[in-house]
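Listed here are the chains, written in short residue letters.
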Amino acid sequence: MLSSLRKPTQQLAARHFATTTRFPGFVKDKPYVPHPYFDVRFRRVYQGGVKAVILDWSGTVLDCGVYGPVVVFVEVFKRHGIDITNDEARAPMGTHKKVHIRKITELESVRAKWRARHGRDVTETDVEAMFKAFVPMQLAVLKDYSTMIPGAIDTVRHLQKDKGIKIGCSTGFTRAMLDIVGKEAAKAGYHPDFTVAADEVPQARPYPYMVWANALALDINPVESIVKVDDTVDGVKEGTSAGCWSIGLAKTGNYMGLNEAEIDALSEEDYNRRLKDSYGKLAAAGANYVIDDINGLPGVIEEINRRLRAGDRPWN
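Residues numbered from 1 in each chain as written. Predicted model: local features only at pLDDT ≥ 70, side-chain atom pairs only at ≥ 80, totals over all residues. Heavy atoms only, no water.

Asks: How do you make sense of the pairing of strand β3 (residues 226–230) when you look at a structure like this?
Replies: Strand residues, when the strand is regular, have side chains that alternate between the two faces of the sheet. Counting buried positions along β3 yields five of five residues, so the element is predominantly enclosed. Here strand β1 (residues 52–55) runs beside β3; their pairing, made up of four bridges, is parallel. Bridging across to β3, Ile54 finds its partner in Lys228. (Buried < 20%, exposed > 50% of the residue type's maximum accessible area, 1.4 Å probe, protein only. Helix = DSSP H or I, 4+ residues; strand = E, 2+ residues; numbered from the N terminus. Pairing = 2+ DSSP bridges.)

Below, the structure is given as structure tokens:
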């Protein structure tokens, strides 16, 4: 009975769609024309405040100058007969450590050294071997490079307790590495609300997945209410690709490349030259703001809150 009732209905529908102009069907390469009922001027505007800050580790909250990874990268290449400089070791800083090793081998200066020593180009097998050697060496020294940057703990406590802001983290470290660093930081009083490692997402920096993992875990939305803080180009790009505010730290991080004592020992000329270069690299990466160190973060957050109330967004 139902099948006999269905056939006339289907036939009627077929005749209707064949003759109506309101259901033209698929038209290849048809351009988009806004409907007059659709107001293209409408947009959602978030006018609340910053809800979460996602912090990098080395060069941001601890290990001023980011020496922990650098000394190991230099040693790993040395064991393969290649002497790389600190600048070469630092160049790809911020990425997953295996990606970091691969990017070092892609530097023309390092490629030339490798050819001269081994008579061939670097292969992915070489990269895998160096990363395999890197991991235990990095794990062995991380405790020695986990000193908190002055003011970092007080700044984070202020944001958490006085401002009600959640603190998340992202990193180029694997989970095994991060657990060591996190344990040492906790002894000093640093307690982020969530952490994620480079080997726990599909792709690490500059991709946005660690930012989004933090947002999911901390239940934070919209993305405009998140601030990402980092001392590397790829860390800044992680924030911009995620769609949140991105802040670079110039003085305590990878491009200044010095610890507190070394910074204090610089002449005024060298200090300003290195700091200017660091500011330039982070700004060129697309940072919404670049500041000296984490202690300037509360002031920038207040400025971001002002801009949010005015309807501004990080990608404007």
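Asks: Is there a simple way to explain the environment of Ile291 in this structure?
Replies: Within the element layout of this structure, Ile291 appears in strand β5 (residues 289–291). Sequence-wise, Ile291 and Pro92 are 199 residues apart; in three dimensions their C-alpha atoms are separated by 21 Å.

Asks: Sorry, what's going on with the sheet that holds β1 here?
Replies: In sheet architecture, strand pairing relies on hydrogen bonds along the backbone and comes in two forms, parallel and antiparallel. Sheet architecture is open: five strands sit in the order β2-β1-β3-β4-β5, paired in parallel fashion. Sheet topology places β2 (166–169) and β5 at the edges, where each strand pairs with a single neighbour. Averaged over all neighbouring strand pairs, the angle between strand axes comes to 25°, with direction disregarded. Against the sheet, helix α12 (residues 268–284) contacts β4 (245–249) and β5, and its axis sits at roughly 160° relative to β5. (Axes fitted to C-alpha atoms, helices over the stretch in contact; angles between N-to-C directions. Contact = heavy atoms within 4.5 Å.)

Asks: It is not clear to me how helix α9 (residues 209–218) should be interpreted in this structure. Could you clarify?
Replies: A turn of α-helix holds 3.6 residues, and therefore any two residues three or four places apart point the same way. Of the residues making up α9, those classed as buried are Met210, Val211, Ala213, Asn214, Ala215 and Leu218. Tucked into the core, α9 has its buried residues touching β1, β2, β3 and α10 (233–242).

Asks: Could you clarify how one ought to interpret α10 in this entry?
Replies: Within the sequence span of α10, burial applies to Asp234, Gly235, Val236, Glu238, Gly239 and Ala242. Of the surrounding elements, those touching the buried residues of α10 are α9, β3, β4 and α12. Gly243, located one to two residues past α10, shows a positive phi value of around 95°.

Asks: How do you make sense of the packing of aromatic side chains when you look at a structure like this?
Replies: The description of two aromatic rings rests on the distance between their centres and on the angle between their planes. Applying the stated criterion across every chain, the model contains five aromatic pairs. Both rings, one in Trp57 and one in Tyr190, keep their centres 5.4 Å apart while their planes meet at 80°; by these two values the pair is edge-to-face. Within this pair, whereas Trp57 is found in the loop between β1 and α2 (67–79), its partner Tyr190 is found in the loop between α8 (175–188) and α9, the two being separated by 133 residues in sequence. Trp57 gets classed as buried once you look at its relative accessible area, which sits at 2%. For the pair Tyr209 and Trp212, a centre-to-centre distance of 5.8 Å together with 80° between the ring planes defines the contact as edge-to-face. Within this pair, Tyr209 and its partner Trp212 are both found in helix α9, separated by three residues, close to a single helical turn. Every member of this aromatic cluster is reached through a ring pair, and the members are Phe73, Phe131 and Phe134. Lying over the aromatic face of Tyr67, Arg90 brings its terminal NZ or CZ to 5.3 Å of the ring centre. (Phe/Tyr/Trp six-rings, centres within 6.5 Å; stacked < 30°, edge-to-face > 60°. Lys NZ or Arg CZ within 6 Å of the ring centre and 35° of its normal.)

Asks: In this structure, what is going on with the nonpolar core? I would like to understand it.
Replies: Grouped together as the largest cluster of nonpolar side chains are 70 residues, with contacts concentrated most on Val53, Leu55 and Tyr190. With six residues, the top contributor of residues to this core is α2. The contacts of Val53, once residues within four sequence positions are left out, are Leu159, Ile165, Lys166, Ile167, Gly168, Val227, Val229, Leu297 and Ile301. Judged by nonpolar contacts, the second largest core, of nine residues, contains Ala52, Leu218, Ala242 and Cys244. (Core = buried A, V, L, I, M, F, W, Y, C linked by side-chain atoms within 4.5 Å.)

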